[in-house]
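Notes for the structure review
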Amino acid sequence: MEQPETDSEDEMPPGWEERCTADGLVFYAHHSSQTTQWKHPRTNKKKKVTGELPYGWERQITEDGKVFFVDHINHKTTYTDPRLAFAIEESNTINDLRQRFDSSSTGLQVLHGRDLTGRVAVITGANSGIGYETARTLAYHGCTVVFACRSISKAENAISKIQAQRPNASCHALHIDLASLESVRTFAQTFAIKFDRCDILILNAGVFGLPHTSTLDGLEATFQVNHLSQFYLAVLLQPILSRSAPARVVFVSAEAHRFATLDEACPEEELSPSHKTTYDSIIAYCNSKLCNVLTALEMQRRFGNQGINSYAVHPGNAVSTYITRHWWVYRLIYAVVRPFTKSLQQACATTIYCAASTDISKYGGVYVNNCVPCLPSHTSLNSVVSNRLWNTSLNMIQNVLGKRAFSVQTL
């Protein structure tokens, strides 16, 4: 039977062996002194593992009572608990987190060793770009993924590509048009009928570089697609998320939020400009990304005690995706810098980190860049602004849909 390789950063001193209890607590045995201890002999820190075995592994017992582990994917066996390869140091505050991933990490690396079987994730805009890589990564690790997309045919084609490589991948396409609040409402109702839980909600879809465009709801398109409709979806699915707790909500924002111009009053005209003459597509995008961060932090304040952790993430700079389709200048710029920016697998890593990593599972209400929690803009941290944005957004939705806006049955 093979033994797993040792992580060089956690290499054991001579005479020591790392072991794991059935409930995931790591301890250390010294062969010469016949003693054990809970703290790592080199770092003097405690470690733990998740209760689950890595995807594809099974715990078995020999006839004489010895426990061993079978890797059904690679057809290997070992007496060493494979969870030890993914043990993490315990932390008391978010500042104690050990950085294990960075800008070069991929989503698959972040989820290495995780088994997400039984969990359900909803991803907006999952049929292409970063959303597709996020969906593929989660599906590869056993997660049931719901592709919330405007084009069902494109979503089904994306699912077919995943299932061609992973025939057992559990993926489903459901229609949602973020330019229509009624469509968001219908999606939430349909999802509640088809699924009894939601463990992960990833609000990934977005537009960039649009000229001033009004949706059927009479709202400015960048604001509605990037913020209001996704905010509405999070509000509608909140009861299911609470019931599925611990659950996570990830708002895909951007460093562009630091250049937003929103003031503390959060007036509707500034959020959703109605005048073409004063409209600036770049400012509209930056403002919508600030709304993402404000909403993530406000959602944590409101629902964190119900077991919902919320995050805002920056996937990367100038990542080559379909988001540049509305402006040829940016298509050209992105094409030029493409060799120097993240791949789509690298770009989805921070989203995956917040959605499913055990590292950050205890800490919600944070902004994460390159898989590292960091400070967002000063305005993002203003709870007065986030509360006003929340209430203004609710009022704007109700002005469009009336009293039925929040009557969706999701329990």
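First, a word on scope: everything that follows refers to the structure included in this document. (Residues numbered from 1 in each chain as written. Predicted model: local features only at pLDDT ≥ 70, side-chain atom pairs only at ≥ 80, totals over all residues. Heavy atoms only, no water.)

A word on the nonpolar core
What counts is decided by this rule: Take the buried residues of types Ala, Val, Leu, Ile, Met, Phe, Trp, Tyr and Cys, join any two whose side-chain atoms come within 4.5 Å, and each joined set is a nonpolar core. Buried, partly exposed and exposed residues are distinguished by accessible area as a fraction of the type maximum, computed with a 1.4 Å probe on protein chains only: under 20%, between the cut-offs, and over 50%, respectively. Helix and strand assignments follow DSSP, with helices taken as H or I runs no shorter than four residues and strands as E runs no shorter than two, numbered in order from the N terminus.
With 57 residues, the main nonpolar core has Phe187, Phe191, Leu201 and Leu241 as its most contacted residues. Per-element accounting of this core gives the leading share, twelve residues, to helix H5 (residues 221-243). In this structure, Ala121, Cys143, Val145 and Tyr311 belong to the second largest nonpolar core, which totals 43 residues.

Some remarks on unusual backbone geometry
A cis amide bond, omega 5 degrees, links alanine 245 with the succeeding residue proline 246. Within the fold, proline 246 resides in the loop between H5 and strand E13 (247-252). In this model, asparagine 370 sits at a positive phi of 55 degrees, which is unusual for a non-glycine residue. Inspection of the secondary structure assignment puts asparagine 370 in the loop between strand E15 (366-369) and strand E16 (372-374). Among the residues examined, asparagine 370 registers a relative accessible area of 25% and is labelled partly exposed. Of note in this structure, cysteine 371 is not a glycine but carries a positive phi near 65 degrees. Mapped onto the elements of the fold, cysteine 371 is located in the loop between E15 and E16.

Comments concerning the packing of aromatic side chains
We count it as follows: Ring geometry is summarised as follows: Phe, Tyr and Trp rings, the Trp one being its six-membered ring, pair when their centres sit within 6.5 Å, and such pairs are stacked at plane angles under 30 degrees, edge-to-face over 60 and tilted between the two.
Here the structure, examined in full by the defined rule, presents seven aromatic pairs. Between phenylalanine 231 and tryptophan 390, the aromatic rings sit 4.9 Å apart at their centres with planes inclined by 90 degrees, giving edge-to-face as the arrangement. Of this pair, phenylalanine 231 sits in helix H5 while tryptophan 390 sits in helix H11 (residues 383-401); the two residues are 159 residues apart in sequence, bridging distant segments of the chain. Take phenylalanine 231: its relative accessible area is 1%, and that puts it in the buried class. Tryptophan 390 gets classed as buried once you look at its relative accessible area, which sits at 6%. Centroid distance phenylalanine 303 to tryptophan 390: 6.2 Å. Interplanar angle 45 degrees. Geometry classified as tilted. Placement of the pair is phenylalanine 303 in helix H7 (residues 281-303) and tryptophan 390 in helix H11, with a sequence separation of 87 residues.

Quick notes on the pattern of salt bridges
For clarity, the threshold we go by: Salt-bridge detection follows one rule: a side-chain nitrogen of Lys or Arg within 4 Å of a carboxyl oxygen of Asp or Glu.
Applying the stated rule across the entire model yields ten salt bridges. Between arginine 185 and glutamate 182 there is a salt bridge, with its nearest N and O atoms 3.9 Å apart. Linking arginine 185 with glutamate 182, this pair stays in helix H4 (residues 181-194), spanning three residues, or about one helical turn. Here arginine 185 falls in the buried class, since its relative accessible area comes to 10%. Here arginine 197 and aspartate 199 are joined by a salt bridge, their closest N and O atoms 2.6 Å apart. Residue arginine 197 is classed as partly exposed on the basis of its relative accessible area, which comes to 28%. Aspartate 199 gets classed as buried once you look at its relative accessible area, which sits at 6%.

Some points on H5
The following threshold applies: Expected span of a helix: the number of residues minus one, times 1.5 Å. The angle between axes fitted to the seven residues ending at a residue and the seven residues starting there is what we call the bend at that residue. N or O atoms within 3.5 Å of each other form a polar contact, as long as, within protein, one can give a hydrogen and the other can take it, and as long as residues adjacent in sequence are counted only when both atoms are side-chain atoms.
Along its 23 residues, H5 runs 32 Å from first to last C-alpha, staying within 8% of the 33 Å computed at 1.5 Å per residue. Along H5, the helix axis deviates most sharply at leucine 237, where the bend reaches about 50 degrees; the proline proline 239 sits within four residues downstream. Counting buried residues in H5 gives 20 out of 23 residues, a clear majority hidden from the surface. N-cap assignment for H5: the residue whose side-chain oxygen lies 2.9 Å from the backbone N of threonine 222 is glutamate 220.

Concerning the environment of threonine 134
For clarity, the threshold we go by: We call two residues in contact whenever any of their non-hydrogen atoms come within 4.5 Å of each other.
Its place among the elements puts threonine 134 in helix H2 (residues 129-140). Along the backbone, threonine 134 and leucine 210 are 76 residues apart, and their C-alpha atoms lie at a distance of 25 Å. With residues up to four places along the chain from it excluded, the contact list for threonine 134 reads Ile123, Ile202, Cys348, Thr351 and Ile352.

Observations concerning the pairing of strand E6 (residues 67-71)
Each regular strand carries side chains that alternate between the two faces of the sheet. Rule in force here: Here, a strand pair is defined by DSSP locating no fewer than two bridges between the strands.
Summarising burial for E6: four of the five residues are buried, a large majority. Summarising the sheet, strand E5 (residues 57-61) and E6 pair through five bridges and their orientation is antiparallel. Considered in E6, the bridge of tryptophan 57 is made with aspartate 71. Taking the residues that link successive antiparallel strands as the turn, the E5-E6 hairpin has five residues, and the phi of glycine 65 there is positive, at about 90 degrees. Between E6 and strand E7 (residues 76-78), which pair antiparallel and follow one another directly, the connecting turn spans four residues, one of which, histidine 75, has a positive phi of 60 degrees.

A look at the sheet that holds strand E12 (residues 200-203)
Our working rule: Only the contacting stretch of a helix is used when fitting its axis, a line to C-alpha atoms as for every element, and angles between N-to-C directions run 0 to 180 degrees.
The strand order E11-E10-E9-E12-E13-E14-E15-E16 describes an open sheet built from eight strands, whose pairing is mixed. Pairing within the sheet leaves two strands with one partner each, and these edge strands are strand E11 (171-175) and E16. Strand after strand, the sheet turns through a mean of 25 degrees between neighbouring axes, direction not considered. As paired strands, strand E9 (residues 120-124) and strand E10 (residues 144-149) are joined by five bridges and run parallel to one another. Among the inter-strand pairings, threonine 124 is bridged to a residue of E10, identified as alanine 148. Seen against the sheet, H5 touches E9, E12, E13 and strand E14 (308-314) and runs at an angle of roughly 175 degrees to E12.

Comments concerning the packing of H5 against H7
To describe two helices that pack against each other, one gives the angle between their axes and the distance between the axes. The line we're drawing: These descriptions rest on fixed angle ranges, namely under 35 degrees for roughly parallel, over 145 for roughly antiparallel, 65 to 115 for roughly perpendicular, and the rest for oblique. Should the near helix be turned anticlockwise from the far one by less than a right angle, the crossing is termed left-handed; should it be turned clockwise, right-handed. Nonpolar residues are Ala, Val, Leu, Ile, Met, Phe, Trp, Tyr, Cys and Pro. Charged residues are Asp, Glu, Lys and Arg, and all others, Gly as well, are polar.
As a packed pair, H5 and H7 sit with axes 8 Å apart at the nearest point and diverge in direction by 15 degrees. When the interaxial angle is binned, H5 and H7 end up roughly parallel. For H5 against H7, the interelement crossing comes out right-handed. Contacts from Thr222, Asn226, His227, Phe231, Ala234, Gln238 and Leu241 in H5 reach Ala284, Tyr285, Ser288, Lys289, Cys291, Asn292, Thr295, Met299 and Phe303 in H7. Looking at side-chain class alone, the contact of H5 with H7 contains eight nonpolar, seven polar and one charged residues.

Side note on the sheet that holds E5
In space, the three strands of this open sheet follow the order E5-E6-E7, with antiparallel pairing throughout. Strand pairing shows two members of the sheet lacking a second neighbour, E5 and E7, which therefore form its edges. On average, adjacent strands in this sheet sit at an angle of 25 degrees to one another, irrespective of strand direction.

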